[in-house]
Amino acid sequence: MDAALEAFGVPRDQWNSRPAILPVDGTHPRVFFQRVPEDKTVKNRLHLDVRVAPGLEGDERMSALETEANRLQTLGATRAYRVEPDKAAMTSGFITMHDPEGNEFCLD
């Protein structure tokens, strides 16, 4: 793995900032871990990004995220905020939600 990160030009001090768990057979979701600079002040110890719209972009992507957000709200989740796609900020857009206990997760 170190050789791949070096070949990709990832600075050494960032090698452990974005690890992922990949399924062996490719049929299950990837689990991606990303360090963030801000401290958490609530009990949430893990922030999940739930991949809802792989391969979709723009309005089609955001529509898929909205559909899932609405479904999750019927199950007890609450919406925190929506971030629109912005190429300059290198974001494809996402919706941040809270589970029934207040833990944060994103629909990505």
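Residues numbered from 1 in each chain as written. Predicted model: local features only at pLDDT ≥ 70, side-chain atom pairs only at ≥ 80, totals over all residues. Heavy atoms only, no water.

1. Let's talk about the sheet that holds strand β5 (residues 94-98)
Spatially, the 4 strands line up as an open sheet ordered β3-β6-β5-β4, and their pairing is mixed. Two strands bound the open sheet, and with one partner strand each, they are β3 (48-50) and β4 (78-83). If you compare each strand with its neighbour and ignore which way they point, the axes differ by 25° on average. Relative to strand β6 (residues 104-107), β3 is paired through 3 bridges, and the arrangement is parallel. When the bridges of β6 are listed, L48 appears paired with F105. In the packing of helix α2 (residues 58-74) onto the sheet, the strands contacted are β4, β5 and β6, and the crossing angle to β5 comes to about 10°. (Pairing = 2+ DSSP bridges. Helix = DSSP H or I, 4+ residues; strand = E, 2+ residues; numbered from the N terminus. Axes fitted to C-alpha atoms, helices over the stretch in contact; angles between N-to-C directions. Contact = heavy atoms within 4.5 Å.)

2. A short note on the nonpolar core
Membership of the largest hydrophobic core is limited to 10 residues, which are A53, M62, L65, A69, L72, A77, I95, M97, F105 and L107. When residues of this core are traced back to their parent elements, those giving at least two are α2, β5 and β6. Top contributing element to this core by residue count: α2, with 4 residues. (Core = buried A, V, L, I, M, F, W, Y, C linked by side-chain atoms within 4.5 Å. Buried < 20%, exposed > 50% of the residue type's maximum accessible area, 1.4 Å probe, protein only.)

3. Section: the pairing of β5
Where β4 and β5 come together, 5 bridges link them in antiparallel fashion. In the strand pairing of β5, Y81 is matched with T96. Pairing analysis gives 4 bridges linking β5 to β6, with the strands arranged antiparallel. Considered in β6, the bridge of T96 is made with C106.

4. With respect to the pattern of salt bridges
Per the counting criterion, the structure on display carries 6 salt bridges. Here D108 ties to R51 by a salt bridge, and the two come within 3.2 Å at their closest N and O atoms. Of this pair, D108 sits in the segment after β6 while R51 sits in the loop between β3 and α2, and the two are 57 residues apart along the sequence. Overall, the relative accessible area of 19% leaves D108 in the buried class. Measuring nitrogen to oxygen at the nearest pair gives 2.6 Å for the salt bridge that ties R82 to E66. Linking R82 in strand β4 with E66 in helix α2, this pair joins segments that are 16 residues apart in sequence. (Salt bridge = Lys/Arg side-chain N within 4 Å of Asp/Glu carboxyl O.)

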